Amino acid sequence: MKPMKPMSGMKPMSPIQAMQPMKPMKAPERWWPQDLGENPISAGGQNATRYAFFGDRQRLAIDSGDGKVQVYDTGDHRVTGVQQHQSGSGRKLTFTSQHGEVDLATLPAA
């Protein structure tokens, strides 16, 4: 068996690599209705379900994975996250807002 070679130090980054400006993040591809606008305040998803929240319009767009988008009126809720609970009786979507958890079933369709 050969003895292990000692580790060598890392090479420093070249000035060209170190000075590259960061590239802007790519905006999400719009899948929600056009009248909601281009940039949601928050967006995300879990499994096949995705959401986009538009605070200035008080609207939450949901795509449950079937390509059909449903829009809900969020009232004074500012949506920041989503949780998906699955059980034998189906799936339940819960959103996080400044008021705590909000069950999607409690929001009226817009």
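Before reading further, recall that the structure is shown in the block above.
The sections below set out a description of the structure shown in this document. Computed from a predicted structure; not experimentally measured.

Procedures and definitions
Residues numbered from 1 in each chain as written. Predicted model: local features only at pLDDT ≥ 70, side-chain atom pairs only at ≥ 80, totals over all residues. Heavy atoms only, no water. Pairing = 2+ DSSP bridges. Helix = DSSP H or I, 4+ residues; strand = E, 2+ residues; numbered from the N terminus. Core = buried A, V, L, I, M, F, W, Y, C linked by side-chain atoms within 4.5 Å. Buried < 20%, exposed > 50% of the residue type's maximum accessible area, 1.4 Å probe, protein only. Contact = heavy atoms within 4.5 Å. Polar contact = N/O pair within 3.5 Å; in protein donor to acceptor, adjacent residues only side chain to side chain. Phe/Tyr/Trp six-rings, centres within 6.5 Å; stacked < 30°, edge-to-face > 60°. Salt bridge = Lys/Arg side-chain N within 4 Å of Asp/Glu carboxyl O.

Observations concerning the pairing of strand E4 (residues 69-73)
For step 1, the next point in the chain: Across 5 bridges, strand E3 (residues 59-63) lies against E4 in antiparallel orientation. Counterpart to Arg-59 in the pairing with E4 is Asp-73.
For step 2, the next point in the chain: The loop that links E3 with its antiparallel partner E4 comprises 5 residues; one of these, Gly-65, has a positive phi angle of about 100°.

Here we look at the nonpolar core
For step 1, the next point in the chain: Formed by Tyr-51, Phe-53, Leu-60, Ile-62, Tyr-72, Val-79, Val-82, Leu-93, Phe-95, Val-102, Leu-104 and Leu-107, the largest nonpolar core amounts to 12 residues.
For step 2, the next point in the chain: Elements represented by at least two residues in this core include exactly strand E2 (49-54), E3 and strand E6 (90-97).
For step 3, the next point in the chain: Dropping the residues within four chain positions of it, Leu-104 is found in contact with Leu-60, Ile-62, Tyr-72, Leu-93 and Phe-95.
For step 4, the next point in the chain: Counting 7 residues, the second largest nonpolar core, distinct from the first, contains Trp-32, Phe-54, Ala-61 and Val-71.

So, the side chain of Ser-42
For step 1, the next point in the chain: Mapped onto the secondary structure, Ser-42 falls in strand E1 (residues 42-46).
For step 2, the next point in the chain: A distance of 2.7 Å separates a polar atom in the side chain of Ser-42 from the backbone oxygen of Val-79.
For step 3, the next point in the chain: Excluding its chain neighbours within four sequence positions, the residues that come into contact with Ser-42 are Tyr-51, Ala-52, Phe-53, Val-79 and Thr-80.

Some thoughts on the packing of aromatic side chains
For step 1, the next point in the chain: Taken as a whole and assessed by the stated rule, the structure comprises 3 aromatic pairs.
For step 2, the next point in the chain: Centre to centre, the rings of Tyr-51 and Phe-95 are 5.5 Å apart; their planes meet at 75°, and the pair counts as edge-to-face. One end of the pair, Tyr-51, is in strand E2; the other, Phe-95, is in strand E6, and 44 residues separate them in sequence.
For step 3, the next point in the chain: Judged by relative accessible area, Phe-95 falls into the buried class, the value being 1%.

Some thoughts on the pattern of salt bridges
For step 1, the next point in the chain: Under the counting rule described, the total for this entry stands at 4 salt bridges.
For step 2, the next point in the chain: We note a salt bridge from Asp-73 to Arg-59, for which the minimum N-O separation is 3.5 Å. Taken together, the positions of Asp-73 in strand E4 and Arg-59 in strand E3 put the pair 14 residues apart, joining distant regions of the chain.
For step 3, the next point in the chain: For Asp-73, a relative accessible area of 25% gives the class partly exposed.
For step 4, the next point in the chain: With a relative accessible area of 23%, Arg-59 lands in the partly exposed category.
For step 5, the next point in the chain: Close ionic contact of Asp-103 with Lys-92 constitutes a salt bridge, the shortest N to O distance being 3.6 Å. Of this pair, Asp-103 sits in strand E7 (residues 100-103) while Lys-92 sits in strand E6; the two residues are 11 residues apart in sequence, bridging distant segments of the chain.

Side note on the environment of Arg-30
For step 1, the next point in the chain: Mapping Arg-30 onto the fold places it in the loop between helix H1 (15-18) and E1.
For step 2, the next point in the chain: Among the residues examined, Arg-30 registers a relative accessible area of 32% and is labelled partly exposed.
For step 3, the next point in the chain: The spacing of Arg-30 and Pro-40 is 10 residues in sequence and 9.5 Å in space, taken between C-alpha atoms.
For step 4, the next point in the chain: At a separation of 3.3 Å, a polar atom in the side chain of Arg-30 contacts the side chain of Glu-38.

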